[in-house]
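In case you want the letters, here they are:
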Amino acid sequence: MIRADLHAGWTVTAADGSTGPLPAEVPGSIHTDLLAAGLIEDPYAGTNEAGLAWLHRSAWVYRRTLPAVAAAADERVDLVFDGLDTVATLTLGDTELGRTANMHRGYRFDVRDQINTDQELTVRFDSALAYAEAMRDRLGARPSAYEHPYNMVRKMACGFGWDWGPDLQTCGIWKPVRLERWRVARLASVRVLATLEADNTTGRLDVQAEIERSSLRPDGELLVRVAVAGRVGEARVAAGESTASVELTVPDAAVWWPVGYGAQPLSDVTIELLDGAVVLDQAAKRAGFRRVELDETPDAVGSRFAIVVNGREVWALGLNWIPEDHLLTRLTRERYAAAVDRAVLAHANLLRVWGGGIFESDDFYDLCDERGVLVWQDFPLACSAYPEEEPSRGEILAEARENIVRLASHPSLAIWNGGNENLWGHEDWGWKAELGDRTWGLGYYERDFPALLAELDPTRPYHKGSPSSPRDVHPNDDRYGTRHEWESWNQRDYTWHDRHVPRFCAEFGWQAPPTWATLTEWLDPADLRKDSPAFLLHQKAADGNGKLDRGLAHHLGVPADFADWHWATQLNQARATTYAVEHLRAHRPRTMGSILWQLNDCWPVTSWAVVDSAGRLKPSWYALRRAYAPRLLTIRPRSVAVINDTDRPWSGTVTVRRLTFAGTTLAAADLPVDVAPRSVAELPLPSPVSTPDSAAAEVVVADFDGVRGFRTFIEDQTLAYDPAALTATVAPAPGGYAVTVTASSFARDITLLADRVAIDAAVDDQLITLLAGETHTFRVRTARNIDPTALLAPSVLRSAVIPIRP
């Protein structure tokens, strides 16, 4: 097998001749090519997104010369595209090679007979929107959550816009392209499954190889050889056969665990296809030996939903993952690593690859393998009814088959999920009347995906949709399966979480704008107001600002000044994150997972993300890190929950106090506690501690083994905070500055917004709460020369005391 990349020498031209030819980057997209040529402004800045809507209905032709190949008499020559976005016609010379309409799969063309001379290779991309509209007219309309019929074409759904994403409908050769020259036979696909027996020591490796034979020479016997961990297995492939299976037993296998439960050893797996002594083709994978199950045992409430790895229940500390950049081809392994590391640093052990995006790159899954991050993988169907007729069904099953095989070796991959909110949408969003008797996707979730997984990956659990429950139960019932909690954000308040105790909460969250540095990178100063057209274009949620203001009105008040409003919304997002996560964690073992919406952004936008599109940490990230900590105290009105998500018992005495803001102890108690590993204990609060004399000026504090929890009695806007409670000093420190803050009275959620001073500034911690007389030092990292006193300005050094001016 000889492989040669074809990434150089491409140009792109508008199909109508109006633009180009321009140099084209492959892998790439039309947006990145036009941006590189200076023909469009950055689509993420200001109102530029709206000015690029013309691209939705444009067509583009990518070209390069394919040099002649002197193929041997028995040699195949294939042109291989790992991904085309999306509606493409491929031509080599005067020969049309094929047409595609699916960005989630690869394509291969036998070009041996076309490349005996230099030939022009062209790939024409037509409008995916026009294709989707034509398919809608052909198959009949199906309801979906957004305007464009993205459910009619196999393209990243959020590419057509979402309630956090831009409507930038890309096209281009978005994955690698190459020539492959081979003789006799090749490995068409290799599926590797590594599992662990119940003894937690014996590993099993199951390799299935699909073989394509060349028609240019007679069939003969072949050999498939597999090696892992010092063990070798072989399977002979008789003439005319095209599959081979090799199973290996690995005694005393190195066991792979999720982060927080053990190590993540990975074993190299090599697969060779041989014709006698000649290696025709080979593949390399990495595997981790582990066993994943889903406990859905019926109980007195309904049924459990708990991920079990190697026989141990894992409380899922999760985050939803969307594409890290809307312009996908700009993503690098380094960017993926930084994003996954931000999840791990927040104590997360699971990322859900959401169904409105893509099957992620190999880099993403490799990094999750290495870091012990479990992956919940949606099939890419989201918030829509999907036709089950051709060509939709064939494309969906083809992409599913290809990606199941591609991803099966990854130990991080823990659960397959049928899609996002499609079952819920059918039940509650008025689809039934609109659909009539038309298909809507149920066959994929209940028949096709289970059948494919039974064939290709029977080692992992499958969940038919998020949210979903057993067949005759409402899909968002909190007694079963998974729940999405969006009523709190859309209609109520984050305290609405108290109304439900789900078995597993797979989506919930609260919005806030990006950090100040990111916001000001992409918006002009005149646009820094919440009603400016540019700001509103970067707020995609229906009535998003109205919901932000109503949320503020419940808790903090609604500031008139934009900078104050920006801080208040970020603080309220942090508060909402803390409230929801602590509620869920306190209900273990009834609740066994939390997947916050969302980790990341794909462009600069007001969203539910805890990390903005520049990789800057919003205050809510720090709140999540604290709420996802292995040990946590959370105070309820009449109790304190002691959460121990470690392998060691947590024993001792919890000291609870009711204090005045000035620091006077009004009541106190010592509560003995012995919390078993991976469990929760709830301790009643003595009435003198839980009952205030003056609700506006008192706080309940719990301390145990260096961990602290606290609770005020009423909302912040009516608390008697001392607006002059903080004093601060700043001094140079290695890599930046140290800002030391002292409180003379109770001060909550002290935060240093250092990015307002230096665009590269980062702070080690945020949202610090101090009792009277306590001190904390923030460590600020920056390479910029700044006036250090700027770090002490009121717009930088913030707390829960927020000016509410008319």
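It should be noted that the structure appears before, not after, this text.
This report concerns the structure included in the present document. (Residues numbered from 1 in each chain as written. Predicted model: local features only at pLDDT ≥ 70, side-chain atom pairs only at ≥ 80, totals over all residues. Heavy atoms only, no water.)

Some remarks on the overall build of the protein
Stage number 1. Scanning the protein for helices and strands turns up 16 helices and 42 strands.
Stage number 2. Computed over C-alpha atoms, the radius of gyration of the protein comes to 28 Å, within 12% of the 28 Å expected from 2.2 N^0.38 for 806 residues, which places it in the range of a compact globule.
Stage number 3. For the protein, the residues scored as buried account for 60% of the 806 residues in total.
Stage number 4. Partitioning the contacts of the protein with sequence separation of at least 6, the portion at a separation of at least 24 is 69%.
Stage number 5. Charge-centre separation for the protein: the mean point of 82 positive side chains lies 2 Å from the mean point of 109 negative side chains. (Helix = DSSP H or I, 4+ residues; strand = E, 2+ residues; numbered from the N terminus. Rg over C-alpha atoms; globule rule 2.2 N^0.38 Å. Buried < 20%, exposed > 50% of the residue type's maximum accessible area, 1.4 Å probe, protein only. Contact = heavy atoms within 4.5 Å. Lys, Arg positive; Asp, Glu negative; His and termini not counted. Charge placed at Lys NZ, Arg CZ, Asp CG, Glu CD.)

A closer look at helix α9 (residues 442-456)
Stage number 1. In a regular helix each residue adds 1.5 Å, so 15 residues correspond to 21 Å; α9 covers 21 Å between its end C-alpha atoms and thus fits that length.
Stage number 2. Most pronounced at Asp448, the bend in α9 amounts to some 35 degrees, and the proline Pro450 follows within four residues.
Stage number 3. Inspection of α9 places Gly443, Tyr444, Tyr445, Asp448, Phe449, Leu452, Leu453 and Leu456 among the buried residues, and these make up the whole buried set.
Stage number 4. For α9, the elements touching its buried residues are β11 (185-196), α6 (392-407), β24 (413-417), α7 (422-428) and β25 (462-463). (Expected span 1.5 Å × (residues − 1). Bend = angle between axes of the 7 residues up to and from the residue.)

A look at the pattern of salt bridges
Stage number 1. The full count for this structure, using the stated rule, is 78 salt bridges.
Stage number 2. Close ionic contact of Glu49 with Lys540 constitutes a salt bridge, the shortest N to O distance being 2.8 Å. With a gap of 491 residues between them, Glu49 in helix α2 (residues 48-51) and Lys540 in the loop between α12 (533-537) and α13 (544-555) connect regions that are remote in the sequence.
Stage number 3. Of the residues examined, Glu49 reaches a relative accessible area of 6% and is grouped as buried.
Stage number 4. Through salt bridges with shared partners, one network takes in Arg3, Arg76, Asp78, Asp82, Arg108, Asp110, Arg178, Glu180, Arg186, Glu212 and Asp281. (Salt bridge = Lys/Arg side-chain N within 4 Å of Asp/Glu carboxyl O.)

Thoughts on the sheet that holds strand β38 (residues 747-752)
Stage number 1. Spatial ordering of the open sheet is given by β40-β38-β42, a layout of three strands whose pairing is antiparallel. Two strands bound the open sheet, and with one partner strand each, they are β40 (768-770) and β42 (797-798).
Stage number 2. The pairing of β38 with β40 spans two bridges and is classified as antiparallel. Along β40, the bridge assignment pairs Ile750 with Ile768.
Stage number 3. Its contacts with the sheet put helix α14 (residues 562-586) on β38 and β42, and the angle it makes with β38 is roughly 115 degrees. (Pairing = 2+ DSSP bridges. Axes fitted to C-alpha atoms, helices over the stretch in contact; angles between N-to-C directions.)

Structural notes on the packing of aromatic side chains
Stage number 1. Taken as a whole and judged by the stated rule, the model has 39 aromatic pairs.
Stage number 2. Here Tyr44 and Trp522 contribute two aromatic rings whose centre-to-centre distance is 6.0 Å and whose plane-to-plane angle is 65 degrees, an arrangement assigned as edge-to-face. Residue Tyr44 is located in the loop between α1 (30-36) and α2, and its partner Trp522 is located in helix α11 (residues 516-522); the two are separated by 478 residues in the primary sequence.
Stage number 3. On the basis of relative accessibility, which here comes to 4%, the residue Tyr44 falls in the buried class. (Phe/Tyr/Trp six-rings, centres within 6.5 Å; stacked < 30°, edge-to-face > 60°.)

Thoughts on the side chain of Asp601
Stage number 1. By secondary structure assignment, the location of Asp601 is in the loop between β28 (593-596) and α15 (619-627).
Stage number 2. Buried charge Asp601 goes without a salt bridge, the closest partner of opposite sign being Lys618 at 4.8 Å.
Stage number 3. In this structure the side chain of Asp601 is engaged in a polar contact, spanning 3.5 Å, whose partner is the side chain of Gln598.
Stage number 4. Here Ser607 takes part through its side chain, which lies 2.6 Å from a polar atom of the side chain of Asp601.
Stage number 5. Apart from the residues lying within four places of it in its own chain, the contact partners of Asp601 are Ile322, Pro323, Glu324, Ser607, Ala609, Val611, Asp612 and Ser613. (Polar contact = N/O pair within 3.5 Å; in protein donor to acceptor, adjacent residues only side chain to side chain.)

So, the pairing of strand β31 (residues 650-660)
Stage number 1. Note that β31 and strand β32 (residues 665-675) share ten bridges and pair antiparallel. Along β32, the bridge assignment pairs Leu659 with Thr665.
Stage number 2. In sequence, β31 turns back onto β32 through a hairpin of four residues, with Gly663 there showing a positive phi of about 105 degrees.
Stage number 3. As defined by bridge partners, β31 adjoins strand β34 (residues 698-704) across six bridges and the pair is classed as antiparallel. Note that in β34 the partner of Val656 across the bridge is Ala702.

So, the sheet that holds strand β1 (residues 2-5)
Stage number 1. Spatially, the four strands line up as an open sheet ordered β1-β10-β5-β8, and their pairing is antiparallel. Of all strands in the sheet, those with a lone pairing partner are β1 and β8 (107-110), marking the two edges. Direction aside, neighbouring strands of the sheet carry axes that sit 25 degrees apart on average.
Stage number 2. Of the pairings in the sheet, the one linking β1 to strand β10 (residues 177-183) comprises four bridges and is antiparallel in character. Each bridged residue has a counterpart across the sheet, and for Asp5 the counterpart in β10 is Arg178.

Some details on unusual backbone geometry
Stage number 1. Note the cis peptide between Gly20 and Pro21, where omega equals 5 degrees.
Stage number 2. One non-glycine residue, Asn200, adopts positive backbone phi at about 60 degrees.
Stage number 3. Secondary-structure assignment places Asn200 in the loop between β11 and β12 (203-213).
Stage number 4. A positive phi is found at Asp749, a non-glycine position, where the angle reads about 60 degrees.
Stage number 5. With respect to the secondary-structure elements, Asp749 resides in strand β38.

Considering the packing of α14 against α15
Stage number 1. Running from amino to carboxyl end, α14 crosses α15 at an angle of 20 degrees, the nearest separation of the two axes being 8 Å. The angle between α14 and α15 falls in the class roughly parallel. Helix-helix and strand crossings are classified by hand; for α14 and α15 the assignment is right-handed. Of α15, the residues touching α14 (which contributes Trp567, Gln570, Gln573, Ala574, Thr577, Thr578, Val581 and Arg585) are Pro619, Ser620, Ala623, Leu624 and Ala627.
Stage number 2. Residue composition of the contact of α14 with α15, by class: seven nonpolar, five polar and one charged. (Parallel < 35°, antiparallel > 145°, perpendicular 65-115°, else oblique. Left-handed = near helix turned anticlockwise from the far one by under 90°. Nonpolar A, V, L, I, M, F, W, Y, C, P; charged D, E, K, R; others polar.)

Overview of the state of the cysteines
The term disulfide refers to a covalent linkage connecting the sulfur atoms of a pair of cysteines.
Stage number 1. One pass over the structure, following the stated rule, counts zero disulfides.
Stage number 2. The cysteine Cys158 is free of any disulfide, with Cys602 supplying the nearest cysteine sulfur at 5.9 Å.
Stage number 3. The class for Cys158 is buried, based on a relative accessible area of 1%.
Stage number 4. Cysteine Cys171 shares no disulfide, and the gap to the nearest cysteine sulfur, in Cys158, comes to 16 Å.
Stage number 5. Looking at Cys171, the relative accessible area reads 9%, which means it is buried. (Disulfide = S-S within 2.5 Å.)

With respect to the pairing of strand β14 (residues 231-237)
Stage number 1. Bridging between strand β13 (residues 222-228) and β14 involves seven bridges; their strand directions are antiparallel. Bridge pairing links Val228 to Arg231 in β14.
Stage number 2. In textbook terms, the turn of a hairpin is the stretch between consecutive antiparallel strands, and for β13 and β14 this stretch comprises two residues, one of which, Ala229, has a positive phi near 50 degrees.

Some points on the nonpolar core
Stage number 1. With 162 residues, the main nonpolar core has Tyr62, Phe81, Val123, Ile173, Leu351 and Phe364 as its most contacted residues.
Stage number 2. Broken down by element, this core gets its largest block of residues, eleven residues, from α14.
Stage number 3. Excluding anything up to four places from it in sequence, Phe81 contacts Leu90, Gly106, Tyr107, Phe109, Leu121, Val123, Ile173, Pro176 and Val177.
Stage number 4. With 47 residues, the next largest nonpolar core counts Val224, Ala235, Ala244 and Val269 among its residues. (Core = buried A, V, L, I, M, F, W, Y, C linked by side-chain atoms within 4.5 Å.)

Examining the environment of Gly46
Stage number 1. You can see Gly46 is positioned in the loop between α1 and α2.
Stage number 2. Classification of Gly46 as buried rests on a relative accessible area of 16%.
Stage number 3. Taking the C-alpha atoms as reference points, Gly46 and Val344, 298 residues apart in sequence, are found 32 Å from one another.
Stage number 4. Look past the residues within four positions of Gly46 in its chain and what remains in contact with it is Trp522, Leu523, Ala534, Leu537 and His538.

Comments concerning the environment of Pro323
Stage number 1. Along the polypeptide, Pro323 turns up in the loop between β21 (316-321) and α4 (333-345).
Stage number 2. Of the residues examined, Pro323 reaches a relative accessible area of 3% and is grouped as buried.
Stage number 3. Separated by 36 residues in sequence, Pro323 and Phe359 have C-alpha atoms that sit 9.6 Å apart.

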